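Residue-level structural notes
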Amino acid sequence: MHEPPTLTPDALEERAAVAFLESFVADALTGVTRPLAHYLAPFAPFEQRIVREWLHLTGAATATPTAAPPPTPDAEHIGPYRLLAELGRGGQGIVYLADDTRLARQVALKVLARDVAALSGPSLLRLQREAEAVARLDHPGIATIYETGRSDGVAWIAMRHVPGGSVQQRIARRVADGLGPPQRPAEITAVVRLVERAARALAAAHLAGIQHRDIKPANLLLADDGQPVLVDFGLAAVERGSTPTITLPGAVFGTLVYAAPERLAGAETDVRADVYSLGVVLFELLALRRPFAADVMTHELKEIAEGATPDVRRWNPAVSSDLAVVVATALAREPSDRYASAAAFADDLARVLANETIAARPASAALRLRRWTQRNPALARSLAALALVLVAGLAATTWAWRSAARALADVRRLADLKQARELIERAAELWPARPERLLAMRAWHDELEVLRARLPAHRRRQAELALAGRQRSPASAPALQRMEPGATAERWPAGRQGSPANAPPLQRMEPGSTAESWPAGDGQATAWESEQLSVLLAEHTRLDALRTGVEQRMATAADLERRTLAEPRAAWDAAVARIAAHPLYGGLHLTPQLGLVPLGPDPASGLEEFGHVLSGTLPRRNPANGALELDDDSGLVLVLVPGGRSVLGADATLPGDGRPANLDPETPPEQSPSYVVDLAPYFLSRCEMTQAQWLRHTGDNPSTYRVGAHLTKIDSLLHPVELVSWNDCDRVLRELDLCIPSEAQWEHAYRAGTHAPYPYGTDAHSLAGHENLADVTARERGTNHRLRFIDWLDDGWFVHAPVGSFAANAWGFHDMGGNVKEWCDDSWEDYGAAAPRAGDGRRRGQFDQYRIVRGGSFSSYIDDARAAARAGVERGASGPEAGVRPARRIE
């Protein structure tokens, strides 16, 4: 027999707290208010804990705030951090603004108060759980965790400092200033955009398997750029987390007035409970009150559990009906009636911002037309004027050019044309092919099917017009010729002569007005209508091609979890174990990454490699030597790059102040000095992106040197894609769920832990066998005699070689110093002009129109192959030397 588990004092205290919460909520739901003394008797050994929980639930804990001493008597420092000011406090600890004395940066230091609980108890578990949860996330809307520790018996987390205050403070200031709920469209738009961004951040947490469970205005901070930042993951539910959960089954946690009804009932919850809480925040921002606000907290909890979902327009009539529906959907009592995910919530908020039809309810034809007129007021006014002219003409004279039915058909046709063009634009946003994009893809597909249902009527009308044109005699043919869409009155030939004197005055076309606003009659009407039909049907041809692509994306997105997470589960388990034990990865706990499949470690470097399924098939390893065998069908292979502190850049002479530096006597001033950056681990392609991979995704191969090109021996699509701008690469990689690496990430991988001028040694001759540069073959076959050629190097290639043709560096990366130059994500700035961003080292500054390129190419001298060499190029420019090496963040 197994002996029953022994409960520690901390576990007993936690169970007592859960039992108290259940009792308190049960009373609240029945409208019963009891004094504190009533709850103390059943929990005699744990009075202090019950008092704290009761004060927190009733709001009395913050009614009379008092200053608290630092966590240690007269402390100015905690570990490596110097305390500057208190930023806030809660039931578990205090948050300080602190200086990191090592890196000259300010952080928010969350410190567990000594008198809350023993360090081995639930409060410490909350702190550890918050660190574990946030460490798995990489999103601008989630506060970055820098490190955790314990100093002099005090546990702490150092995280990104967000200086803009909280959403709660913003609401409080508006109430205090007597401004009332936001009324102006710009104010409401700002609120919706804020919550949409917060929902995107929440969706990133959910995608990583993390439920926040305490969404409220106080836990949404505001960065300087207006980006909301989620904080306080101490109560998060983490899938596959190493820290044990701190709540028992049936427990109620978080701030109750923002909790979903099922959470108050102690039922099992999922991500839809977080959607509900964020819906409460949106309601409060729009109405300056919570949806079920009451003077007595127990009454409010009872309303949350039993009351009907209120309409936010009761307190703010300026809220649109669509936005009110979105709020009500997020606040639905039954989880099945809410948005299925935070991403779906965010998508509908984005539709509200764009005046598009929301997914929260089916749209009637009248509603679609109304939303279209809101998005296109100028064209709508023109069409309304056209309809009025036609109706007035029919009522006033038998001379009218067309009937009311024809006018309505024209309006419908123009609306269809506009909707077709909008669908074409929106198709470009339905990337990448991930499960969370499925809702948007299906909505797009459904809208297209409704539009396609009217195609037969448009085609019949086009056939009628063609038949009428053939039957019309030449003598009666209209004088007007075909008018291009968008042509103005100055280019439009005069109408037929001899119009009746009683013609409606609104028929006159003012100079500068467009063809779409010109009322057509007889031959003019036929020409105008025929033109519009031709354009509409041409747009449908484009939509047919896009429809096939979106359907393929939908199939890919729906199957992505099975292909990359479920089926290769054993491979993921093995890879995760190897990574955790590998010394270069520093104990990294990698969770399985959607869209990637483990390929095992590189036999030479030992670093883990992963196949990227959205860009092609998975390559296989040669059983004889372990090398990956690539062909034209192969997708990208991403290397998991170790993070850590990296010394980048270079100095021509060693600095006298003893700071870390890379010595390179050939380094010019604009490429120095050396600098230190802390990089998080990331994925980077072992090779440059190939022409096959680009062609497979885009349907186009823009490269100058490709199969069949003259003066080359290119016979496969394994050569790197080139003649691509930074803008091209940014768009294509985002569609593939990838990104352009930062300059710091690129150099970190190229150096592979070395500090010499070249990754292979201090002498340029070490490049031989590793990089494709301007060699003897290029000089003999080339015509550009202005280039500098390397007399001692002959790599045998006149232009770029197939990727992976040359030996890799110490971390398994091929062709970083040669073959083609590679775009980076940074703007062209001097190192001292812009600080590198924490985590990935990216720099952005005043020269945003320029982007960094790194490495050499087949036409480069050895200077470009130095580890610190860098250049800036306009982001829209391209050339036969410009390629890209994709990267990806760890989810």
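Residues numbered from 1 in each chain as written. Predicted model: local features only at pLDDT ≥ 70, side-chain atom pairs only at ≥ 80, totals over all residues. Heavy atoms only, no water.

This brings us to the overall build of the protein. Scanning the protein from terminus to terminus reveals 22 helices and 23 strands. Relative to its full complement of 891 residues, the protein shows a buried share of 51%. Contacts in the protein between residues far apart in sequence, at least 24 positions, make up 67% of those at least 6 positions apart. Total accessible area on the protein is roughly 39,100 Å²; 54% of this is exposed by carbon and sulfur atoms. (Helix = DSSP H or I, 4+ residues; strand = E, 2+ residues; numbered from the N terminus. Buried < 20%, exposed > 50% of the residue type's maximum accessible area, 1.4 Å probe, protein only. Contact = heavy atoms within 4.5 Å. Areas by Shrake-Rupley, 256 points an atom, 1.4 Å probe, with all protein chains shown as cover.)

The residue after Trp431, namely Pro432, is reached through a cis peptide bond having omega -10°. The amide bond that connects Ser672 to the next residue, Pro673, takes the cis arrangement and shows omega of 10°. Note on placement: Pro673 falls in the loop between strand E16 (644-648) and strand E17 (675-679). The backbone of Ala752 sits at a positive phi, close to 55°, despite the residue not being glycine. Mapped onto the elements, Ala752 comes out in the loop between helix H21 (743-751) and helix H22 (776-781). According to the relative accessible area criterion, Ala752 is buried, its value standing at 9%. Despite not being glycine, Asn819 has its phi angle at roughly 75°, a positive value. With respect to the secondary-structure elements, Asn819 resides in the loop between H22 and strand E19 (821-827).

This brings us to the sheet that holds strand E20 (residues 850-854). Spatially, the four strands line up as an open sheet ordered E21-E20-E19-E22, and their pairing is mixed. Each end of this open sheet is capped by a strand with a single partner; those strands are strand E21 (870-874) and strand E22 (882-883). Summarising the sheet, E19 and E20 pair through three bridges and their orientation is antiparallel. Counterpart to Trp823 in the pairing with E20 is Val853. (Pairing = 2+ DSSP bridges.)

So, on to helix H15 (residues 438-452). Relative to the 21 Å expected for 15 residues at 1.5 Å per residue, H15 spans 21 Å between its end C-alpha atoms, a close match to the ideal helical length. Inspection of H15 places Leu438, Ala440, Met441, Ala443, Trp444, His445, Glu447, Leu448 and Leu451 among the buried residues, and these make up the whole buried set. (Expected span 1.5 Å × (residues − 1).)

Secondary-structure assignment places Glu688 in the loop between strand E18 (682-685) and helix H19 (691-698). Buried and unpaired, Glu688 has no salt bridge, with Arg885 as the nearest side chain of opposite charge at 4.4 Å. At 3.1 Å, the side chain of Glu688 forms a polar contact with the side chain of Asn819. Residue contacts for Glu688: discarding those within four places in its chain leaves Gln693, Pro720, Val803, Asp815, Gly818, Asn819, Val820, Glu822, Val884 and Arg885. (Lys, Arg positive; Asp, Glu negative; His and termini not counted. Salt bridge = Lys/Arg side-chain N within 4 Å of Asp/Glu carboxyl O. Polar contact = N/O pair within 3.5 Å; in protein donor to acceptor, adjacent residues only side chain to side chain.)

Further remarks concern the nonpolar core. Leu278, Leu286, Leu323 and Phe345 are the most contacted members of the largest nonpolar core, which totals 59 residues. Put simply, the parts of the chain that give this core at least two residues each are helix H5 (167-176), helix H6 (185-207), strand E8 (220-222), helix H8 (271-287), helix H10 (321-330) and helix H11 (342-353). The residues contacting Phe345, other than those within four sequence positions of it, are Val195, Ala199, Val275, Leu278, Gly279, Leu282, Val326, Ala330 and Tyr339. Membership of the second largest hydrophobic core comes to 58 residues, among which are Leu560, Val613, Leu684 and Ile862. (Core = buried A, V, L, I, M, F, W, Y, C linked by side-chain atoms within 4.5 Å.)

In terms of burial, strand E12 (residues 608-612) is largely enclosed, as five of its five residues are buried. Of the two faces of E12, the one carrying Glu608, Phe610 and His612 and the one carrying Glu609 and Gly611 are both buried. Across five bridges, the pairing between strand E11 (residues 596-601) and E12 is antiparallel. Looking at E12, one finds that Pro598 is bridged to Phe610. The turn joining E11 and E12, which pair antiparallel and follow one another in sequence, is formed by six residues; a positive phi near 80° is taken by Gly606. Bridge count for E12 against strand E15 (residues 637-641) is three bridges, and the pairing is antiparallel. Note that in E15 the partner of Phe610 across the bridge is Leu638.

Glancing now at the side chain of Thr667. For Thr667, the location among the structural elements is in the loop between E16 and E17. The residues touching Thr667, leaving out its near neighbours within four places in the chain, are Ala650, Ala652, Ser672 and Arg866.

With antiparallel pairing, the five strands of this open sheet are ordered in space as E11-E12-E15-E18-E23. Single-partner strands in this sheet number two, and they are E11 and strand E23 (887-888). Looking at chain direction, E18 and E23 are connected through two bridges and run antiparallel. Bridged to Phe683 within E23 is Arg888. Against the sheet, helix H18 (residues 569-581) engages E11, E12 and E15, with an angle of about 55° to E11. (Axes fitted to C-alpha atoms, helices over the stretch in contact; angles between N-to-C directions.)

So, about the packing of aromatic side chains. Taken as a whole and judged by the stated rule, the model has eight aromatic pairs. Ring geometry for Phe610 against Phe683: centres 5.4 Å apart, planes inclined by 80°, an arrangement best described as edge-to-face. A residue pair is termed long-range when its members are at least 10 positions apart, and Phe610 in strand E12 and Phe683 in strand E18 qualify at 73 residues. Across the pair, exposure class does not vary: Phe610 and Phe683 are buried alike. Considering the side-chain rings of Tyr705 and Phe858, the 5.7 Å spacing of their centres and the 90° angle between planes classify their relative orientation as edge-to-face. Note that Tyr705 is positioned in the loop between H19 and helix H20 (726-735) and Phe858 in the loop between E20 and E21, a separation of 153 residues in sequence. Grouping aromatic residues by their ring pairs yields a cluster made of Trp572, Phe610 and Phe683. (Phe/Tyr/Trp six-rings, centres within 6.5 Å; stacked < 30°, edge-to-face > 60°.)

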